[in-house]
Amino acid sequence: MRIGILGTGGMADALGTQWIRAGHEVLFGGRDLGRAEALARRRGGASGSLRQAADFGTDAVLMALPWQAAVEVARQLPCTGRVLIDCTNPVGEGFRLLTAGGPPAAVQLATATGPQTHVVKAFNLCHEDVWRLTPPVFDGRPLGVPVSGDDAEALAVVRQLVRDVGCEPFAAGELDQGAGLLEATAALLIRLWVGEGVDAQSIAPPRELAGPRAEEAALSPSPAS
């Protein structure tokens, strides 16, 4: 695949490096061309401006800029027809979700880029260091990556990119609902990991103790029946 990466920070570096190792063509695009060139030189990809990265990413474009800049940058770039992967987290001071009460970050990106851009929310629940692991496997189990979007072909592309970093893609629903849940989950996990210094994995029980699936529950008789 041809993947354009918007940004030169930790997430751009970590995911871009993994995709290059998997055999994809990657162009790192930055507002600072020197940083983009240095990153590409270290990792073996190409470099250019943000616009060049958006042009290059005919198969996928990764939005890896800080959330505060992401929407405005996306509005200015030629993303029509692109699969735009949003890994941003709109989390502010005090671990506050900056989009609370409004559209999720990914939906705002979709609005900014227009209906022909296929935004998919993914890769937002883990720190960049997790994406540097080869592969991210814990206790023998590949890391699960929730993926939220509306377009089937775009989702298939992102699921493949998830597998290419050694992880397992999970369906997280359509963008208008799934993205908001993922962003709120990220805010909670960051609060627990960073603010409280606790192991956030311990808040979820094993699958066999998590209760019946929704469809099983719907078919089961109610306690009053």
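In this text, all values refer to a predicted model and were calculated from it rather than measured experimentally.

Let us now look at the overall build of the protein chain. Counting its regular elements, the protein chain contains nine helices and 12 strands. Relative to a compact globule of 225 residues, whose C-alpha radius of gyration would be 17 Å, the protein chain shows 18 Å and is just as compact. Structurally, the protein chain occupies a C-alpha span of about 65 × 40 × 35 Å along its principal axes. Out of the 225 residues belonging to the protein chain, those deemed buried represent 45%.

What follows is about the pairing of strand E1 (residues 2-6). Burial of E1 is extensive: four of the five residues sit out of reach of the surface. Bridge analysis of E1 against strand E2 (residues 25-29) gives five bridges, and the strand direction is parallel. Among the inter-strand pairings, Ile-5 is bridged to a residue of E2, identified as Phe-28. Handedness of the crossover joining E1 and E2 through helix H1 (residues 10-21): right-handed. With four bridges joining them, E1 and strand E4 (residues 60-63) adopt parallel strand pairing. Bridged to Leu-6 within E4 is Met-63.

On inspection of all chains with the given rule, the structure shows 10 salt bridges. Salt-bridge contacts for Arg-132 lead to Glu-128; the nearest nitrogen and oxygen are separated by 3.2 Å. Since its relative accessible area comes to 26%, Glu-128 is described here as partly exposed. Each of Asp-13, Arg-42, Arg-43, Glu-128, Asp-129 and Arg-132 takes part in one network of salt bridges that share partners.

A word on the packing of aromatic side chains. One pass over the full model with this rule turns up two aromatic pairs. Seen from their ring centres, Trp-19 and Phe-123 are 5.8 Å apart, and the 75° between their planes marks the pair as edge-to-face. Here Trp-19, found in helix H1, pairs with Phe-123, found in the loop between strand E8 (118-121) and helix H6 (128-131); they are 104 residues apart in sequence, far enough to count as distant. For Trp-19, a relative accessible area of 0% corresponds to the buried category. Residue Phe-123 is classed as buried on the basis of its relative accessible area of 1%. Each ring, one from Phe-123 and one from Trp-131, has its centre 5.2 Å from the other, and the planes form 80°; the classification is edge-to-face. Across the pair, exposure class does not vary: Phe-123 and Trp-131 are buried alike. Through successive ring pairs, a cluster of aromatic residues spans Trp-19, Phe-123 and Trp-131. Just above the ring of Phe-56 sits the side chain of Arg-2; from NZ or CZ to the centre is 3.9 Å.

Attention shifts here to the pairing of strand E12 (residues 168-171). In this sheet, E12 lies alongside strand E11 (residues 144-149) in parallel orientation, the contact comprising four bridges. Among the inter-strand pairings, Pro-146 is bridged to a residue of E12, identified as Phe-170. Remark: the E11/helix H7 (residues 152-164)/E12 crossover connection has right-handed handedness.

Within helix H4 (residues 67-76), the full set of buried residues consists of Trp-67, Ala-69, Ala-70, Val-71, Val-73 and Ala-74. Its buried side turned inward, H4 meets helix H3 (50-56), E4 and helix H5 (105-113).

Turning our attention to the side chain of Thr-113. On the secondary structure map, Thr-113 appears in helix H5. Taking relative accessible area as the criterion, Thr-113 reaches 13% and is therefore assigned buried. For Thr-113, the side chain forms a polar contact with the main-chain oxygen of Leu-109, separated by 2.9 Å. There is a polar contact of 3.4 Å between the side chain of Thr-113 and the backbone oxygen of Ala-110. When residues no more than four places from it in sequence are discounted, the contact partners of Thr-113 are Ala-74, Cys-79, Leu-84 and Val-119.

Calculation rules
Residues numbered from 1 in each chain as written. Predicted model: local features only at pLDDT ≥ 70, side-chain atom pairs only at ≥ 80, totals over all residues. Heavy atoms only, no water. Helix = DSSP H or I, 4+ residues; strand = E, 2+ residues; numbered from the N terminus. Rg over C-alpha atoms; globule rule 2.2 N^0.38 Å. Buried < 20%, exposed > 50% of the residue type's maximum accessible area, 1.4 Å probe, protein only. Pairing = 2+ DSSP bridges. Right-handed = clockwise from strand over helix to strand, strands pointing away. Salt bridge = Lys/Arg side-chain N within 4 Å of Asp/Glu carboxyl O. Phe/Tyr/Trp six-rings, centres within 6.5 Å; stacked < 30°, edge-to-face > 60°. Lys NZ or Arg CZ within 6 Å of the ring centre and 35° of its normal. Contact = heavy atoms within 4.5 Å. Polar contact = N/O pair within 3.5 Å; in protein donor to acceptor, adjacent residues only side chain to side chain.

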